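Each chain, letter by letter, is given below.
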Amino acid sequence: MKKQLGIAGAAGTAALIVAATVMPAHAVTYGTPTISLSAGYLSGSVAGVGDQTVNVTVGQSGADVSALTVSASASTKASVAGTGDVTVTGTGAVRQLAVTAHGRGYTTLTIKVTGLGGKTATKTLSYAASAAVQNPADARYFSGASDSSAAVDVGGGFTVVADDENNVLRLYDRSRSDAPVRTWDFSSQLGVTKEVDIEGATRIGDTVYWTGSLGNNKDGEYKAPRNTVFTTTVSGSGAATQLAYGRSYKHLREDLVAWDRAHGDHYGFAAGTAAGQAPKQIDGFNVEGLEFAPGSTTTAYVGFRAPLAPAVPGGKALLVPVTNFDQVLSNGSAATFGSAIELDLGGLSVRDIRKNAQDQYLILAGSWAADDNSDPYALYQWDGIAGHAPVKRADLPTTDPGGWEAIVEVPDLSAPGARVQLITDSGSADLYGDGVEAKDLTHPEFKKSRAAWFTLN
C-alpha cells in the first residue's frame, strides 16, 4: 500500500509524496522429506505373535516431524501381506512398522512418508513370512542365522547362541523376535577359517565351554576345525553381556578314539572317524551335548548324537565322562575318561544335555539321522547318575520346520507347570516355500531359528 509523508520547509509547506512498499510475510519453504529403514529385509510368520519390527526414521526441513505421515502401499503379493496388514505406530522421528502375515512366501512393501507441502519420499521393504507353528504365542524367532546348535543363558532374559555353519556367537533377547544384540567371532583366536561346527555348550561360573562336533563333515572328510573345544569368559549380564576368548584344545577326538580302542573298540569310534564315514549314521561319530557331572566342575559328560550304544535293539544314547575336562582346557592336558554311560531314550540319541543348580538334568533327545525334521523328539529328565534311568517329560512337535537342537536353561523340574525354552536348527528347512534351505538364503536377515517354550508334564 502507499503512505503519504508531509515535510515542512522554511519557505513554506510543501508536500512530498514518498512511495513505500510493505511486503507480505515470506512463505515457508519445506524440503523434501527423508525416510530410512532400520532394515531392508524383514522376516515374520503366519499368525506370529511379537514378530520382529522395523524402525522407520523420518524428517523434513522446516517441518515438525509429528506432522509427517507414514503409510505402506499395496504389496506385490497380497496373499502374503497387503496394505491393510502393515501398521505404523508412533508420532516422532522414529516410527515402528509391523507386518501381519496371512500366507507363507515373499512380498515387497513400499513405505511412504508424506510431508508438509505435499512432498513425499519412499523406501521399499522386502518381507518374507514362514508358516504358522503350533502355539505361536510361545514362539520367538532369532534372526541372522538359521543353524542354531547350542545356547547358554547369560541372565537378564538373554542367551548366547552358537551356529554350526559359522563360528559367530550371537546374543539374543529371549523374549523377542529380533536380530542379535551383539555378536562375536573368535575364528582368528582359534586359528581357523572354516566352521568349528559348534554343537554343545555349558557354563561353570564365568566360563563357557564350547565343543565342535569332533566328527567328519557330511562327505566323510576330516576337517581339523571341527576337532575343537574352547572356552569363553563372560562379563556382565543381559544386554550388557560381553565375551572374551579363553583357550582351546584340538585333540579330544583322538583322545576318545584311543580310549575306545583301549576298551576293545566297543563303540566303534575308530571306524566312525575313518575317512569316508559320514558322521550322522547310527555307527558314525558326532558329538552334540556337553554338561558337567553332578556337583562337579572337573568331570564333563560328552553326549553323542552318533553312535548309539548297541546294548539293546534300537540302541541306547551314549555319554562319555571326561574326568579332567577343566584341565584339558586350562593347560592342554590329554583327556582322561570314566566309564561310559548308556541311557535308554527310546531309540533316540543326545541332541543336547543341560542341568540346573540343583543337578536336575534335561536331555533333548532326537534321531541320529542327518535328515530328521520329521523324526521324533522328546525331553527326558535325569539325575545325572550312571545306572539311573531317565524319565520322559515331554514329546516335542515334529511338523514344524527345523529340528530341536538346544536347551537354553533348565527350570526347577519339581515345580508344577515348569517351562523350558528350546531352539531349533532350521538350516535345512524350507522356511518360505521356495524350495531353498534356510542356510542357503541370500539375505541373512531372512535366516532364523525358532525359540519356543514348552510346559513339562
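Residues numbered from 1 in each chain as written. Predicted model: local features only at pLDDT ≥ 70, side-chain atom pairs only at ≥ 80, totals over all residues. Heavy atoms only, no water.

Caption draft 1: A look at the overall build of the chain. Helix and strand content of the chain: 4 helices and 30 strands. In terms of C-alpha radius of gyration, the chain reaches 30 Å, well past the compact-globule figure of 23 Å for 457 residues. Overall, the C-alpha framework of the chain stretches about 135 × 50 × 45 Å when taken along its three principal axes. In the chain, buried positions account for 50% of the 457 residues. If you take every contact in the chain between residues at least 6 apart in sequence, the share linking residues at least 24 apart comes to 58%. (Helix = DSSP H or I, 4+ residues; strand = E, 2+ residues; numbered from the N terminus. Rg over C-alpha atoms; globule rule 2.2 N^0.38 Å. Buried < 20%, exposed > 50% of the residue type's maximum accessible area, 1.4 Å probe, protein only. Contact = heavy atoms within 4.5 Å.)

Caption draft 2: Representation of the sheet that holds strand 7 (residues 86-89) in the model. Pairing in this open sheet of 4 strands is antiparallel, and the strands run 3-5-8-7 from one edge to the other. The open sheet has two free edges, formed respectively by strand 3 (34-37) and strand 7, since each of these has just one partner strand. Sheet twist, expressed as the mean angle between neighbouring strand axes with direction ignored, is 25 degrees. Relative to strand 8 (residues 94-99), strand 7 is paired through 4 bridges, and the arrangement is antiparallel. Each bridged residue has a counterpart across the sheet, and for Thr 87 the counterpart in strand 8 is Ala 98. (Pairing = 2+ DSSP bridges. Axes fitted to C-alpha atoms, helices over the stretch in contact; angles between N-to-C directions.)

Caption draft 3: View of the pairing of strand 26 (residues 377-382). Burial analysis of strand 26 places 5 of its 6 residues in the buried class, the great majority of the element. Relative to strand 26, strand 25 (residues 361-366) runs antiparallel, the two sharing 5 bridges. If you follow Leu 362 over to strand 26, its bridge partner there is Gln 381. The sheet contact formed by strand 26 and strand 27 (residues 391-396) spans 5 bridges and is antiparallel. Looking at strand 27, one finds that Gln 381 is bridged to Val 391.

Caption draft 4: Representation of the packing of aromatic side chains. By the definition in use, this model includes 21 aromatic pairs. Geometrically, the ring pair formed by Tyr 106 and Phe 446 is tilted, given 5.8 Å between the ring centres and 55 degrees between the ring planes. Taken together, the residues Tyr 106 in strand 9 (residues 105-114) and Phe 446 in the loop between strand 29 (419-425) and strand 30 (448-455) connect sequence positions 340 residues apart. On the basis of relative accessibility, which here comes to 5%, the residue Phe 446 falls in the buried class. (Phe/Tyr/Trp six-rings, centres within 6.5 Å; stacked < 30°, edge-to-face > 60°.)

Caption draft 5: Inspection of the environment of Asp 283 at higher detail. Secondary-structure assignment places Asp 283 in the loop between helix 3 (269-272) and strand 20 (286-292). Separated by 14 residues in the primary sequence, Asp 283 and Phe 269 have C-alpha atoms spaced 8.5 Å apart. Not counting residues up to four positions away in its chain, the partners in contact with Asp 283 are Gly 272, Gln 277 and Pro 307.

Caption draft 6: Inspection of helix 2 (residues 252-262) at higher detail. All of the buried residues along helix 2 are Leu 252, Arg 253, Asp 255, Leu 256, Val 257, Trp 259 and Asp 260. In this structure, the buried side of helix 2 is in contact with strand 18 (229-235), strand 19 (242-249), helix 3, strand 21 (300-309), strand 22 (316-322) and helix 4 (325-331). A positive phi of about 80 degrees marks Gly 264, the residue just after helix 2.

Caption draft 7: Seen up close, the pattern of salt bridges. Evaluated as defined, the whole model comprises 16 salt bridges. One network of salt bridges, with partners in common, ties together Glu 288, Arg 305, Arg 351 and Glu 405. (Salt bridge = Lys/Arg side-chain N within 4 Å of Asp/Glu carboxyl O.)

Caption draft 8: Representation of the pairing of strand 13 (residues 158-163) in the model. With respect to burial, strand 13 is a largely interior element, 6 of its 6 residues being buried. Bridge count between strand 12 (residues 148-153) and strand 13: 5 bridges; the pairing is antiparallel. Counterpart to Val 152 in the pairing with strand 13 is Val 160. Taking the residues between adjacent antiparallel strands as the criterion, strand 12 and strand 13 are bridged by 4 residues, where Gly 155 takes a positive phi near 85 degrees. Here strand 13 folds back onto strand 14 (residues 168-173) in antiparallel fashion, the turn holding 4 residues.

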